[in-house]
Amino acid sequence: MPTRLPVILLALLVAGCGASPPQLAHTEGQPATTLNGSGEFTVAGASAVAYDRKLAPEGAQASVTAESSGGQTITSLVVEGFRPSRGYGAHLHTKPCGKTGADAGPHYQHRPGPASADNEIWLDLKTDATGAGRATARHPWGFDPATPPRSLVLHSKETTATGPDAGNAGDRIACLTIS
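Keep in mind that this is a model prediction, so the values were computed, not measured.

Some thoughts on the overall build of the protein
Counting its secondary structure elements, the protein contains 1 helix and 9 strands. Going from N to C terminus, the protein has its helices and strands arranged as α-β-β-β-β-β-β-β-β-β. Contacts in the protein between residues at least 24 apart in sequence constitute 67% of all its contacts with a sequence separation of at least 6. Carbon together with sulfur atoms contributes 56% to the accessible area of the protein, which is approximately 8900 Å² in total.

Pasting the structure below:
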């Protein structure tokens, strides 16, 4: 089945509602890092894996770009084919996708510590009536080029922001390896 994501992204850009995130200026002495991943989630996928077909139905796909430069990071996520009018949590994780959701490891953190939207990249979104959605996160820190994030994991619910359950977004339903 041919992927529709590039066509949808092009349509959003032409329509003016898919404006590209601002490009970050490169700062001397700080290496720039750009990470990308895209694909249709399959149960046997290597780089785009579905773990829960009820919440990541057949045909669901995503595209993520993370650009880190000059001590700043902008990360953007676009999804389509997911359940309509539903909230999902999405985070960058430390390891590539694998056969189980746990293979992606913990959330990527700027500095080891408590889970928070300031220290991790959270891309929670709510899909529209067609199952499409988008999210962007901006942070005043860059990736360590020696240990960048390696995957984006979509979770079954939006992320709990505060309290003892901060950072929890439910089960891991799909994973996209990024490089």
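Description of unusual backbone geometry
Within the chain, serine 85 stands out as a residue other than glycine whose phi angle is a positive 50°. On the secondary structure map, serine 85 appears in the loop between β4 (72-80) and β5 (87-93).

Some details on the nonpolar core
The nonpolar side chains of a soluble globular protein tend to be buried with one another. In this structure, Phe41, Leu77, Phe82, Leu123, Leu152 and Leu154 are the most contacted members of the largest nonpolar core, which totals 30 residues. Apart from residues lying up to four places away in sequence, leucine 123 is in contact with Val64, Thr75, Leu77, Ala90, Ala135, Thr136, Ala137 and Leu152. Membership of the second largest hydrophobic core comes to 5 residues, among which are Val49, Cys97, Val153 and Cys175.

A closer look at the environment of glycine 37
Along the chain, glycine 37 turns up in strand β1 (residues 33-40). Residue glycine 37 is classed as buried on the basis of its relative accessible area of 9%. A sequence separation of 115 residues divides glycine 37 from leucine 152, and the C-alpha atoms of the two residues are 8.4 Å apart. Look past the residues within four positions of glycine 37 in its chain and what remains in contact with it is Ala62, Ser63, Val64, Leu176, Thr177 and Ile178.

Examining the confidence of the model for the protein
Predicted coordinates in regions of low pLDDT should not be interpreted in detail. Averaged over the protein, the pLDDT score is 87; the fraction of residues at 70 or greater is 83%. Across residues 5-28, confidence stays below pLDDT 50; counting only partners more than four residues off in sequence or on other chains, it has 37 contacts.

Here we look at the packing of aromatic side chains
This structure, assessed with the given rule, holds 5 aromatic pairs. With centroids separated by 6.5 Å and ring planes inclined at 35°, the aromatic side chains of tyrosine 108 and tryptophan 141 adopt a geometry described as tilted. Of the two residues, tyrosine 108 is situated in the loop between β5 and β6 (125-126) and tryptophan 141 in the loop between β7 (133-139) and β8 (151-155); the sequence distance between them amounts to 33 residues. What makes tyrosine 108 buried here is its relative accessible area of 5%. The class of tryptophan 141 is buried, set by a relative accessible area of 7%. Their ring planes at 85° and their centres at 5.4 Å tell us that tyrosine 108 and phenylalanine 143 sit as a pair that is edge-to-face.

Overview of the pairing of strand β9 (residues 172-177)
Within a regular strand, side chains alternate between the sheet's two faces. Of the pairings in the sheet, the one linking strand β2 (residues 48-50) to β9 comprises 3 bridges and is antiparallel in character. Within β9, the position partnered with alanine 48 by the bridge is leucine 176. Bridge count for β8 against β9 is 5 bridges, and the pairing is antiparallel. Bridging across to β9, leucine 154 finds its partner in alanine 174.

Reading guide: rules and limits
- Residues numbered from 1 in each chain as written.
- Predicted model: local features only at pLDDT ≥ 70, side-chain atom pairs only at ≥ 80, totals over all residues.
- Heavy atoms only, no water.
- Helix = DSSP H or I, 4+ residues; strand = E, 2+ residues; numbered from the N terminus.
- Contact = heavy atoms within 4.5 Å.
- Areas by Shrake-Rupley, 256 points an atom, 1.4 Å probe, with all protein chains shown as cover.
- Core = buried A, V, L, I, M, F, W, Y, C linked by side-chain atoms within 4.5 Å.
- Buried < 20%, exposed > 50% of the residue type's maximum accessible area, 1.4 Å probe, protein only.
- pLDDT = per-residue confidence, 0-100.
- Phe/Tyr/Trp six-rings, centres within 6.5 Å; stacked < 30°, edge-to-face > 60°.
- Pairing = 2+ DSSP bridges.

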